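Residue-level structural notes
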Amino acid sequence: MSFHRKIFYTLALTILGISTVFILLTHFTVKGTIEAGLEQTRSQEIHLINKRLTTYYVENNNSWKNIEQIDLLQDITQDHPELVVKDNREQVIYDKGSSPLKLVENLGIKRDITISNSKVGEFIYYDPEMANFTKIMIGIPISVIIILLITSTILIIISLFIAYRLSKWLASPLQELLPFIKRLGKGEFGIRVPVNTKDEYGKIAKAFNHMSKELEKAEIVRKNLTADVAHELRTPLTIINGKLDYLQQQGQMIRPEVLLPIQDELIRLNQIVEDLRVLSLAEAGKLKLNKTPTNMVDLSCRLISSLEPLAEEKNISMTLDVQTNETTVFVDENRMKQVFLNLLTNAIRYTPNQGKIYIRLFKEKNALKIIVEDTGKGIEPEYLPYLFERFYRTDEARTRYSGGTGLGLAIAKQYVVSHNGKIEVKSKVNHGTSFIVYLPYHNEAN
Ligand SMILES: Nc1ncnc2c1ncn2[C@@H]1O[C@H](COP(=O)(O)OP(=O)(O)OP(=O)(O)O)[C@@H](O)[C@H]1O
Ligand SMILES: [Mg+2]
């Protein structure tokens, strides 16, 4: 069933339900009020007759015997009063009046005769004036019902029409969205739907546009990946090839030091292949993690001392700033070492001489927050969204030998995500860059 039909039927049933309850309630309220009013007009007579009957019954040793000989209507001031009395087996034991019994029963006022809470009979009082009154009174609820039925029918028709239009109107934005979803499904990534409202539909349209943009990005990355891999592998291969050709042409004995650059390229080639393997394992969630309680302060100290010579070359200072006592997390130490090694080598690489690097540790909610901050050249805002993509390097870093392969941050991100953490980057051009890593304390699973 379509969405708009569902809304329509729900509204229609609600309207019908409310109308029925309203009609029934009005009917019973009007009827109850009228009956109470009617009894009120003959309350004196009813009271008198009831008293006479109960007195007679008690004085006659709890029996109705010879009741017909009593004038129960004595002193009743109404014109032509009539009375019917029945015992507790519904047998008529007293009938004073000329009107047919059925008429008296239908239009008269009925009362139970009770003594000590038990019913010993019942009586029906009737007089013509009251009967007329009753007829009018019975007529009122019927007319009320008829009026209510007519007005309700009109109202129901109007409401159903409104419900129909409303349901169509409510469902129309979804109808508009449907062709866009189909087009996206067919591979038209990056397609946008117009966001016309700020309500839930507007939010859905926005979410759709975001998803479409992300899919487009993923598609571009996927398409570029093969080209990037080929490109990255080709460069060392070309160099190796060129060098070997040259050596062949020389036709001389190959000295070991001549082989060194070739070996360097092979190492680099090997590293790229290994990085890609680990990356795809991590992305598929198949990375084996050997988690142990790891003190991140100790790890940072070890990394700082191993990178000290590199930093000293550029006169860069490295400072550890610990703002929490809870510095131990349950992680794969080697993988974490690789994450922070890359962040720190990046920081050293992209920070000019005399710069400063800080590793700051904080506790934030349930995670250890580790910031690697530098006073380097910073990153242009337009590069930031792509920084963690494979092979991504900012323009200045593209010259292969000044930068790396562009896999470091992609691997770092996957490692952090595999530990249920997250990594973010903040950067200000000419001021510096901060990479922020969150590692949850409760990370025992996996
Ligand atoms: N601290 C930083 N300051 C400025 N730019 C940075 C910084 N860290 C990373 N970048 C930019 O992000 C790019 C990607 O970094 P990533 O670590 O992924 O690759 P890489 O360092 O170039 O190569 P790899 O780490 O694989 O050897 C870098 O090429 C550089 O342009
Ligand atoms: Mg790097």
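Residues numbered from 1 in each chain as written. Chains lettered and ligands numbered in written order. Predicted model: local features only at pLDDT ≥ 70, side-chain atom pairs only at ≥ 80, totals over all residues.

**A word on the site of ligand 1**
The environment of ligand 1 is formed by 21 residues, the closest being Tyr350, Arg393, Gly404, Gly408 and Leu409. Residue composition of the shell around ligand 1, grouped by class: 9 nonpolar, 10 polar and 2 charged. (Near = placed C-beta within 6 Å. Nonpolar A, V, L, I, M, F, W, Y, C, P; charged D, E, K, R; others polar.)

**A look at the environment of histidine 27**
If you trace the backbone, histidine 27 turns up in helix α1 (residues 3-41). The partly exposed category is assigned to histidine 27, around which 15 C-beta atoms lie within 10 Å. Taking the C-alpha atoms as reference, histidine 27 lies 22 Å from isoleucine 157; in sequence the two are 130 residues apart. In this view, histidine 27 contacts Pro141, Val144 and Ile145; residues no more than four positions away in its chain are not counted. (Helix = DSSP H or I, 4+ residues; strand = E, 2+ residues; numbered from the N terminus. Buried ≥ 20, exposed ≤ 12 C-beta atoms within 10 Å, placed from the backbone. Contact = placed C-beta atoms within 7 Å.)

**So, the pairing of strand β8 (residues 356-364)**
When strand β6 (residues 317-322) meets β8, the two strands line up parallel, connected through 6 bridges. The residue bridging serine 317 from the neighbouring strand is lysine 356, located in β8. In the sheet, β8 pairs with strand β9 (residues 367-374) via 8 bridges, with the strands oriented antiparallel. Following the sheet pairing, arginine 360 is matched in β9 by isoleucine 371. Where β8 hands over to β9, the hairpin turn is made up of 2 residues, of which lysine 365 adopts a positive phi near 55°. (Pairing = 2+ DSSP bridges.)

**Some remarks on the sheet that holds strand β2 (residues 92-96)**
Strand order in the open sheet formed by 4 strands is β2-β1-β4-β3, with antiparallel pairing between adjacent strands. Edge positions in the sheet fall to β2 and β3 (109-115), since each has one partner strand and no second. The mean inter-strand angle of the sheet, taken between neighbouring strand axes irrespective of direction, is 15°. In terms of strand pairing, strand β1 (residues 82-87) meets strand β4 (residues 118-126) through 6 bridges, oriented antiparallel. (Axes fitted to C-alpha atoms, helices over the stretch in contact; angles between N-to-C directions.)

**Some details on the UniProt feature "transmembrane region" (unreviewed entry) in the protein**
UniProt's entry tags residues 7-28 and 136-164 with the feature "transmembrane region" (unreviewed entry), counted in the numbering of this structure. In residues 7-28, helix accounts for 100% and strand for 0%; the two terminal C-alpha atoms are 32 Å from one another. Between the C-alpha atoms that bound residues 136-164 the distance is 41 Å, and the span itself is 100% helix and 0% strand. (UniProt positions renumbered as here; feature names shortened; annotations may be inferred.)

**Concerning the environment of aspartate 275**
Tracing the sequence through the fold places aspartate 275 in helix α6 (residues 256-283). By C-beta crowding, aspartate 275 is classed as partly exposed, having 19 other C-beta atoms within 10 Å. Residues aspartate 275 and threonine 55 lie 220 residues apart in sequence; the distance between their C-alpha atoms is 110 Å. Not counting the four nearest positions on each side in its chain, aspartate 275 is found in contact with Leu407 and Ile411.

**Details of the nonpolar core**
Judged by nonpolar contacts, the single largest core of 33 residues is most densely connected at Val339, Phe340, Leu343, Leu344, Val372, Ala412 and Val437. Within the second largest apolar cluster, 14 residues are counted, among which are Ile49, Leu83, Val84 and Phe123. (Core = buried A, V, L, I, M, F, W, Y, C linked by C-beta atoms within 7 Å.)

**Examining helix α4 (residues 128-185)**
With 58 residues, α4 should cover 86 Å at 1.5 Å per step; its first-to-last C-alpha distance of 82 Å lies within 8% of that length. At serine 172, α4 is bent by approximately 35°, the largest bend along its length, and proline proline 173 sits one to four residues beyond. Of the residues one or two after α4, glycine 187 is the one with positive phi, at around 105°. (Expected span 1.5 Å × (residues − 1). Bend = angle between axes of the 7 residues up to and from the residue.)

**Considering the sheet that holds β9**
Reading across the sheet, the 5 strands line up as β6-β8-β9-β11-β10 and stay open at both edges, with mixed pairing between neighbours. Edge positions in the sheet fall to β6 and β10 (422-428), since each of these pairs with one other strand and no more. In this sheet, neighbouring strand axes are inclined to one another by 15° on average, regardless of whether the strands run parallel or antiparallel. The strands touched by helix α8 (residues 333-349) are β8, β9 and β11 (432-440); relative to β9, the strand with the most contacts, the crossing angle is about 25°. Along the sheet, helix α9 (residues 408-418) makes contact with β10 and β11, crossing β10 at roughly 140°.

**Remarks on the domain arrangement of the protein**
Under the domain assignment, the protein is made up of domain 1 (3-133), domain 2 (200-283) and domain 3 (291-440). When each unit is reduced to the centre of its C-alpha atoms, the spacing between domain 2 and domain 3 is 22 Å. Of the residues lining the interface, 11 residues belong to domain 2; the matching set on domain 3 comes to 11 residues. Counting residues per element, the ones that place at least two in the side of domain 2 that touches domain 3 are α5 (200-250) and α6. Of all the elements, α6 adds the most residues to the side of domain 2 that touches domain 3, at 6 residues. In the side of domain 2 that touches domain 3, the residues fall into 6 nonpolar, 1 polar and 4 charged. (Domains from an automatic or database assignment.)

**With respect to unusual backbone geometry**
In the Ramachandran plot, asparagine 315 falls in the positive-phi region, its phi being about 55° despite a non-glycine side chain. Inspection of the secondary structure assignment puts asparagine 315 in the loop between α7 (296-313) and β6. Unusually for a residue other than glycine, lysine 365 sits at a positive phi of about 55°. Mapped onto the secondary structure, lysine 365 falls in the loop between β8 and β9.

**A word on the packing of α4 against α5**
Taken N-terminus to C-terminus, the directions of α4 and α5 make an angle of 10°; their axes are 11 Å apart at the nearest point. With respect to each other, α4 and α5 are oriented roughly parallel. The segment α4 lies against α5, with Pro173, Leu177, Phe180 and Leu184 engaging Tyr201, Ile204, Ala205, Phe208 and Ser212. Of the residues in the contact of α4 with α5, the class split is 8 nonpolar, 1 polar and no charged. (Parallel < 35°, antiparallel > 145°, perpendicular 65-115°, else oblique.)

**Digging into helix α2 (residues 43-59)**
With 17 residues, α2 should reach 24 Å at 1.5 Å per residue; the first-to-last C-alpha distance of 24 Å fits that figure. Buried within α2 we find Glu45, Ile49 and Leu53. Each buried residue of α2 sits inside an arc of 55° when the element is viewed along its axis, so together they form one side. Turned more than 90 degrees away from the buried face of α2, the exposed residues are Ser43, Gln44, His47, Lys51, Thr55 and Glu59. The inward-facing, buried residues of α2 contact β1, β3 and β4. Trailing α2 by a residue or two, asparagine 61 shows a phi angle of about 55°, which is positive. (Arc of directions from axis to C-beta.)

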